[in-house]
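# A look at the structure
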Amino acid sequence: MLQLILGGARSGKSRLAEKLATDTQLPVTYIATSQPLDGEMNARVVQHRARRPTQWALVEEPLALARVLRENAAHGQCLLVDCLTLWLTNLLMLDDPEQLSAEREALLDCLAALPGEIIFVSNETGMGVVPLGELTRRYVDEAGWLHQALAERCQRVVLTVAGLPLTLKGTAL
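Reading the values: rules and limits
- Residues numbered from 1 in each chain as written.
- Predicted model: local features only at pLDDT ≥ 70, side-chain atom pairs only at ≥ 80, totals over all residues.
- Heavy atoms only, no water.
- UniProt positions renumbered as here; feature names shortened; annotations may be inferred.
- Pairing = 2+ DSSP bridges.
- Helix = DSSP H or I, 4+ residues; strand = E, 2+ residues; numbered from the N terminus.
- Contact = heavy atoms within 4.5 Å.
- Core = buried A, V, L, I, M, F, W, Y, C linked by side-chain atoms within 4.5 Å.
- Buried < 20%, exposed > 50% of the residue type's maximum accessible area, 1.4 Å probe, protein only.
- Salt bridge = Lys/Arg side-chain N within 4 Å of Asp/Glu carboxyl O.
- Lys, Arg positive; Asp, Glu negative; His and termini not counted.
- Axes fitted to C-alpha atoms, helices over the stretch in contact; angles between N-to-C directions.

Per an unreviewed UniProt entry, the protein chain carries the name Bifunctional adenosylcobalamin biosynthesis protein and comes from Pseudomonas brassicacearum. Of the comments in the UniProt record for the protein chain, the one headed Function (unreviewed entry) reads "Catalyzes ATP-dependent phosphorylation of adenosylcobinamide and addition of GMP to adenosylcobinamide phosphate." The Sequence similarities (unreviewed entry) field of the UniProt record for the protein chain holds the comment "Belongs to the CobU/CobP family."

Right under this line is the structure:
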């Protein structure tokens, strides 16, 4: 099953995704896309690590997400990807539209063939004020298009607000 968990900053989306992964009772591989390049981001990474079960495997990959999914997806395995918007940011910061397009298409193209349980976490950024800068507008646009394409392919899509899940597609939680 493919699941997409959306929500704003500090909405509870990662905590929900971690609970869903635990509830599968399968071995879990956590795929981290962040690059802790400053103290604040490093503190967030430390907080996430402390919350995860110690038996979970960890793969850190900021760019080649489709490759990592193909290498790690298996029947009887759960993959938790946290988070897609950090992955998208990493690609946008390369300032290489061709690589962004290639990685995005690789991700979307591989999903149907992936075995096992896969849970994606991503920030819903399109519900606020339109950003002033070109890069931030592009980020919001790209995130929105990615979420639409993923939601189409996922069996369950959940929006998390104030720690409460609202099922948008699929069976309710």
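### Some details on the pairing of strand β7 (residues 164-169)
With five bridges joining them, strand β6 (residues 156-161) and β7 adopt antiparallel strand pairing. Across the sheet, residue Val158 finds its bridge partner in β7, namely Thr167. Turn length for the β6-β7 hairpin, with the two strands adjacent in sequence and antiparallel, is two residues, and the turn residue Ala162 shows positive phi of about 55°.

### A few points about the UniProt feature "active site" (unreviewed entry) in the protein chain
Listed under "active site" (unreviewed entry) in the UniProt record, and renumbered for this structure, are His48. Setting aside its immediate chain neighbours within four residues, His48 contacts Ser14, Glu18, Tyr30 and Asp82.

### Some details on the nonpolar core
Leu69, Leu84, Leu107, Phe120 and Leu150 are the most contacted members of the largest nonpolar core, which totals 33 residues. Of all the secondary structure elements, the ones that give two or more residues to this core are β1 (2-7), α3 (65-72), β4 (78-82), α4 (84-93), α5 (97-110), β5 (117-123), α6 (134-153) and β6. In terms of residues, this core owes the most to one element, α6, which gives six residues. Apart from the residues lying within four places of it in its own chain, the contact partners of Leu150 are Leu4, Leu84, Leu108, Leu111 and Phe120. Counting 15 residues, the second largest nonpolar core, distinct from the first, contains Leu16, Ala17, Val28 and Cys83.

### A few points about the pattern of salt bridges
Counted under the stated rule, the structure contains six salt bridges. Residue Lys19 is joined to Asp23 by a salt bridge in which the shortest nitrogen-to-oxygen separation is 2.6 Å. Here Lys19 pairs with Asp23, and both are found in helix α1 (residues 13-23), just four residues apart, close to one helical turn. A residue is classified by how much of its surface remains accessible, and Lys19, at 48% relative accessible area, is partly exposed. The network of salt bridges with shared partners includes Glu61, Arg67 and Glu71.

### Let's talk about the side chain of Arg52
Topologically, Arg52 is positioned in the loop between α2 (39-51) and β3 (57-60). In this structure, Arg52 is buried with no salt-bridge partner, the nearest side chain bearing the opposite charge being Glu18 at 5.4 Å. The residues contacting Arg52, other than those within four sequence positions of it, are Glu18, Tyr30 and Leu58.

### Side note on the sheet that holds β3
Spatial ordering of the open sheet is given by β3-β2-β4-β5-β1-β6-β7, a layout of seven strands whose pairing is mixed. Each having just a single partner strand, β3 and β7 make up the two edges of the open sheet. Geometrically, the sheet is characterised by an average inter-axis angle of 20° between neighbouring strands, direction not taken into account.

### Some details on the pairing of β1
If a strand is regular, its side chains alternate between the two faces of the sheet. With six of six residues buried, β1 is to be regarded as a mostly interior element. Of the two faces of β1, both are covered, the one formed by Leu2, Leu4 and Leu6 as well as the one formed by Gln3, Ile5 and Gly7. Across six bridges, the pairing between β1 and β5 is parallel. Bridge pairing in β5 places Leu2 opposite Ile118. The sheet contact formed by β1 and β6 spans five bridges and is parallel. Bridge pairing in β6 links Leu6 to Leu159.

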